[in-house]
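Read off the chains here:
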Amino acid sequence: MNLQTLALLTLFFSLLFFIYQRSQRSARRMILLLMVAPLLLLRHYAMSRGVETEAWVALFISIILNFLFWALIGRYNPVASKEVRVMGLDD
């Protein structure tokens, strides 16, 4: 198993899942549609280089890492809304 490829694929998968996880609820459908192209490119890379095993392991590792981030940090710090609130103005 090639550890450099595994680390690179884990980084890319984790980044994609992190972007989806931290996006606003109203924009998640658009983010999901935009994620299709990078996922297809990663799939093509894995198939053409013969690193399908590394790709599957990287996918599962990135899911676990993003779940841990959500459980430890993301659940208690939700994504901010689009509204901007100005504190301290009496207008």
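Right above here is the structure, for reference.
Because the structure is a prediction, the values reported are computed rather than measured.

Caption draft 1: View of the nonpolar core. Core analysis: the biggest nonpolar cluster contains 12 residues, these being Leu6, Leu9, Phe13, Leu16, Ile31, Met35, Leu42, Ala46, Val51, Ala55, Ala58 and Leu59. For this core, the elements supplying multiple residues, two or more each, are α1 (3–21), α2 (28–49) and α3 (52–74). In contact with Ala58, not counting residues within four places along its chain, are Leu6, Leu9, Thr10 and Phe13.

Caption draft 2: Inspection of the layout of surface pockets at higher detail. Quantified by volume, the largest pocket comes out at close to 200 Å³. In terms of residues, the lining of the largest pocket owes the most to one element, α2, which gives five residues. By volume, the second largest pocket amounts to about 160 Å³. The wall of the second largest pocket is formed by Gln21, Arg22, Ser23, Gln24, Arg25, Arg28, Trp70, Gly74, Pro78 and Val79. Within the lining of the second largest pocket, the residues separate by chemical class into three nonpolar, four polar and three charged.

Caption draft 3: Structural detail: the packing of α1 against α3. In the contact formed by α1 and α3, the axes pass within 8 Å of each other and the chain directions differ by 40 degrees. The orientation of α1 relative to α3 falls into the category oblique. Relative to α3, the crossing made by α1 is right-handed. Residue-level inspection shows Leu6, Leu9, Thr10, Phe13, Ser14, Phe17, Phe18 and Gln21 of α1 in contact with α3, the latter providing Glu54, Ala55, Val57, Ala58, Leu59, Ile61, Ser62, Ile63, Leu65, Asn66, Phe69 and Trp70. Partitioning the contact of α1 with α3 into residue classes produces 14 nonpolar, five polar and one charged.

Caption draft 4: The arrangement of the packing of aromatic side chains in detail. All told, the structure shown has three aromatic pairs when counted by the stated rule. When the centroid spacing of 5.2 Å and the interplanar angle of 75 degrees are considered together, the rings of Phe18 and Phe69 count as edge-to-face. Remark: Phe69 occurs in helix α3 and Phe18 occurs in helix α1; sequence separation between them is 51 residues. Given the relative accessible area of 33%, Phe18 is considered partly exposed.

Rules behind the numbers
- Residues numbered from 1 in each chain as written.
- Predicted model: local features only at pLDDT ≥ 70, side-chain atom pairs only at ≥ 80, totals over all residues.
- Heavy atoms only, no water.
- Core = buried A, V, L, I, M, F, W, Y, C linked by side-chain atoms within 4.5 Å.
- Buried < 20%, exposed > 50% of the residue type's maximum accessible area, 1.4 Å probe, protein only.
- Helix = DSSP H or I, 4+ residues; strand = E, 2+ residues; numbered from the N terminus.
- Contact = heavy atoms within 4.5 Å.
- 1 Å grid on protein atoms, 1.4 Å probe; cavity = no way out; pocket = protein on both sides within 12 Å on 5 of 7 lines; lining within 4 Å.
- Points joined across faces, edges and corners; volume = space filled by probe spheres on them.
- Nonpolar A, V, L, I, M, F, W, Y, C, P; charged D, E, K, R; others polar.
- Axes fitted to C-alpha atoms, helices over the stretch in contact; angles between N-to-C directions.
- Parallel < 35°, antiparallel > 145°, perpendicular 65-115°, else oblique.
- Left-handed = near helix turned anticlockwise from the far one by under 90°.
- Phe/Tyr/Trp six-rings, centres within 6.5 Å; stacked < 30°, edge-to-face > 60°.

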